[in-house]
Amino acid sequence: MSSLRVLWAGWVTHFKIVSRSPFAIGVGATWPIVNATLAYFMYQAGGSPQTLLYASLGSAVAGIWSMAALDASGAIQRQRFWGTLELLVAAPVKFALVLLPMTIAIASVGIYCLATTLVWGRLVYGIPLPLEHPLAFVLAVPATLVSVGVLGFALCMLLVRFRAASHIGNSLEYPVWLASGLLFPIAVLPAWTHPISWSLATTWGMRALLHGSLGGPVWLDLGMCALLTVVYGAIGVAILDRFLDAARRSATLSLT
Amino acid sequence: MSNNARIFFVGGVIAYRALFNWLNPWIFVPTLVVAPIFQVLFFAFLGRSAGLESDRFYVIGNALQIAALPGLFAMTFAISGERWSQTLSPLLASPANRAAVFLGRALPVVANAAFVCVVAFVAGALILRVHIAPGAIPALAVVIAVTSISCTGFGFICGPLGLRWRDAIIAVNLLDAVLLIFCGVNIPIDSLPGWMQAVSEYLPVTHGLRAARRVADGAALGDVSGLILAELAIGLTYAGVGFAWLRHLELVARRGATLENS
């Protein structure tokens with residue numbers, strides 16, 4: 001119960017912090033609109049206007065991933081920079097429970113991306129949002145945010161040794177957009193890339209939103225989001241334990 | 001070497017190295033090599049899915065637009081970075097020639113923009129098997145150099161924002177997005193609404209991109225000289241306006257003692 005309380009309190013605190021960041025809101029809410037606009041123009045000019053909803057939802061998920069890639073990947077480095085890392089590590093609660101809500105909160109700011117792209121699509125291009133499975137669609141939103149947030153946590157752990165983690169994370173923005181089929185179906189990509197696509201929460205989150213809206217095997221997508229959340233979480237926690245152990249032994253926790 | 005030339009060259013190189021944390025490859029490579037290549041691939045596959053244009057259209061379009069990435073961001077950080085490292089006041093209190101200080105910072109950025117552009121172009125062409133006739137390469141090199149200059153000139157508009165606005169990086173992202181949408185990078189300009197087409201004529205990249213696509217289609221450098229000159233003129237105009245604005249804001253900041261406000 002206390003673990004859940006730590007997760008919830010951490011998420012609320014960090015969601016408020018990130019929501020007040022002009023950069024996160026300014027850039028995070030703008031780029032999905034840019035991507036959506038580009039996709040709208042390209043699909044319309046290419047004679048496929050029926051795919052506009054796809055572009056709209058894809059741009060939103062792209063925005064969620066951008067937040068995670070840029071901000072979550074450097075979560076530990078940021079605490080180190082603020083001088084709060086030692087305090088958090090020394091707290092009498094597992095450090096993973098402190099770090100997880102941070103990265104999930106960062107991805108959760110992607111809710112603004114979803115809202116802005118859907119409103120933009122509706123107002124400017126008249127794109128409706130059909131809800132074939134309303135309950136599943138509503139569930140798909142937090143499922144996507146959490147799974148992408150936990151992917152950000154795993155990424156943060158994979159890059160924990162790098163001082164330039166957020167720059168490396170930032171460079172993964174386009175590769176994941178590309179592999180996840182956010183603005184075009186993954187069938188367009190070479191077959192060898194498909195396993196990469198299936199291992200990404202963004203792929204299944206996008207499908208869950210799309211199938212929740214237009215109909216399709218949405219529960220499979222939600223199940224995959226849940227499964228990947230567990231897998232990413234396990235990978236992240238395993239690396240985090242090793243990192244903390246090594247940092248404590250060599251007294252390098254606060255070194256930048 | 002005269003003082004101004006020393007400030008121009010040595011100061012420019014030092015500022016450029018600082019921009020990438022003393023040329024740390026873990027910052028440079030992901031930001032200016034990996035991300036641009038994947039931008040080309042992403043829009044090429046989006047274009048395939050939309051059935052709009054050939055891969056060549058997207059390779060040329062995105063490779064040239066990527067020149068704006070170092071141009072816009074580096075020129076903004078030329079001011080914001082000084083503020084961040086608390087060296088802005090000493091820099092502006094120095095009696096150094098401002099043109100030498102800031103134009104010196106632009107020179108390595110132009111070279112960097114051209115490098116990033118070439119990397120994205122070559123990688124995109126190789127991965128997507130886009131053929132460019134070898135005879136077109138010298139003319140393309142000229143177009144890339146001129147577009148890099150004009151994008152860096154456009155970046156001069158962003159630099160002064162750092163004197164007035166703590167989050168100038170937001171405006172830079174918006175300007176980068178404007179170039180991506182308006183300049184015919186991924187959407188043929190004639191598919192855009194009329195007002196967007198009109199705006200695109202006054203932005204960098206648009207004319208350079210037209211020239212690059214015509215050269216890739218077999219046109220000679222002389223055939224696109226008008227476009228190249230227009231691209232250069234636009235970039236130099238932005239640079240001039242940006243520099244004058246920077247001087248004005250510097251004076252305002254001195255009067256209001258707001259230089260270090262962040």
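Note that the structure is predicted; figures quoted are calculated from it, not measured.

> Run through the overall build of chain A, naming residues and quoting values.
When helices and strands are tallied, chain A shows 13 helices and 0 strands. The secondary structure elements of chain A, listed N-terminal to C-terminal, are α-α-α-α-α-α-α-α-α-α-α-α-α. Seen through its principal axes, chain A has C-alpha atoms that stretch 60 × 35 × 35 Å.

> Before we move on, could you go through the packing of helix α3 (residues 52-71) of chain A against helix α8 (residues 134-158) of chain A and cite the residues and values that matter?
Residue and element names in this part refer to chain A. Two elements in contact, α3 and α8, have axes separated by 9 Å at closest approach and are oriented at 30 degrees. Taken as axis vectors, α3 and α8 run roughly parallel relative to one another. Helix-helix and strand crossings are classified by hand; for α3 and α8 the assignment is right-handed. Where α3 abuts α8, its residues V61, I64, W65 and A68 lie against T144, L145, V148, G149, L151 and G152.

> Can you lay out the environment of V18 of chain A for me, pointing to particular residues and giving the numbers?
Residues and elements named next belong to chain A. Relative to the helices and strands, V18 resides in helix α1 (residues 2-19). Take V18: there are 21 C-beta atoms within 10 Å of it, and that puts it in the buried class. Each C-alpha atom of the pair V18 and S2 lies 24 Å from the other, and the pair is 16 residues apart in sequence. Leaving out residues up to four positions away in the same chain, V18 has contacts with A24, A105, I106 and V109.

> Tell me about the interface of chain B and chain A, and please be specific about residues and values.
On the side of chain A, 33 residues touch chain B, which itself brings 32 residues to the contact. Listing elements by their share of the side of chain B that touches chain A, those giving two or more residues are α2 (25-50) and α9 (168-182) of chain B. Here the side of chain B that touches chain A takes 16 residues from α2 of chain B, the largest share from any one element. Class assignment of the residues belonging to the side of chain B that touches chain A gives a composition of 21 nonpolar, 9 polar and 2 charged.

> Account for unusual backbone geometry, naming residues and giving values.
Residue and element names in this part refer to chain B. In this model, R129 sits at a positive phi of 55 degrees, which is unusual for a non-glycine residue. Assignment of secondary structure puts R129 in the loop between α6 (98-128) and α7 (137-158). Phi is positive for V205, close to 80 degrees, though the residue is something other than glycine. Locating V205 in the fold gives a position in the loop between α10 (194-200) and α11 (206-216).

> Would you mind going over the nonpolar core in detail, with residue names and values included?
Across soluble globular proteins, nonpolar side chains have a tendency to be buried as a group. Counting 167 residues, the largest nonpolar core has I64 and A68 of chain A together with C117 of chain B as its most contacted members. Apart from residues lying up to four places away in sequence, C117 of chain B is in contact with A63, L64, I66, A67, I144 and S148 of chain B.

> Can you break down the packing of α3 of chain A against helix α7 (residues 110-125) of chain A residue by residue, with the values?
All names here are of chain A. Axis separation between α3 and α7 bottoms out at 8 Å; the angle between their running directions is 155 degrees. Looking at the two axes, α3 sits roughly antiparallel to α7. In this structure, α3 meets α7 at a crossing whose hand is right-handed. Facing α3, whose interface residues are L52, S56, S59, A60, G63, I64 and M67, α7 presents G110, C113, L114, T117, L118, G121 and Y125. Taken together, the residues that form the contact of α3 with α7 break down as 8 nonpolar, 6 polar and no charged.

> Describe the confidence of the model for chain B, listing the residues and the values that go with them.
Detailed conclusions should not be drawn from predicted coordinates in areas where pLDDT is low. Residue and element names in this part refer to chain B. Looking at chain B as a whole, the pLDDT averages 89, with 97% of positions reaching at least 70. Across chain B, α11 holds the top mean pLDDT of 96, while helix α8 (residues 161-164) sits lowest at 76. The ipTM, which scores confidence in the relative placement of chains, is 0.89 for this predicted complex, and the corresponding pTM is 0.90.

Reading guide: rules and limits
- Residues numbered from 1 in each chain as written.
- Chains lettered and ligands numbered in written order.
- Predicted model: local features only at pLDDT ≥ 70, side-chain atom pairs only at ≥ 80, totals over all residues.
- Helix = DSSP H or I, 4+ residues; strand = E, 2+ residues; numbered from the N terminus.
- Axes fitted to C-alpha atoms, helices over the stretch in contact; angles between N-to-C directions.
- Parallel < 35°, antiparallel > 145°, perpendicular 65-115°, else oblique.
- Left-handed = near helix turned anticlockwise from the far one by under 90°.
- Contact = placed C-beta atoms within 7 Å.
- Buried ≥ 20, exposed ≤ 12 C-beta atoms within 10 Å, placed from the backbone.
- Nonpolar A, V, L, I, M, F, W, Y, C, P; charged D, E, K, R; others polar.
- Core = buried A, V, L, I, M, F, W, Y, C linked by C-beta atoms within 7 Å.
- pLDDT = per-residue confidence, 0-100.

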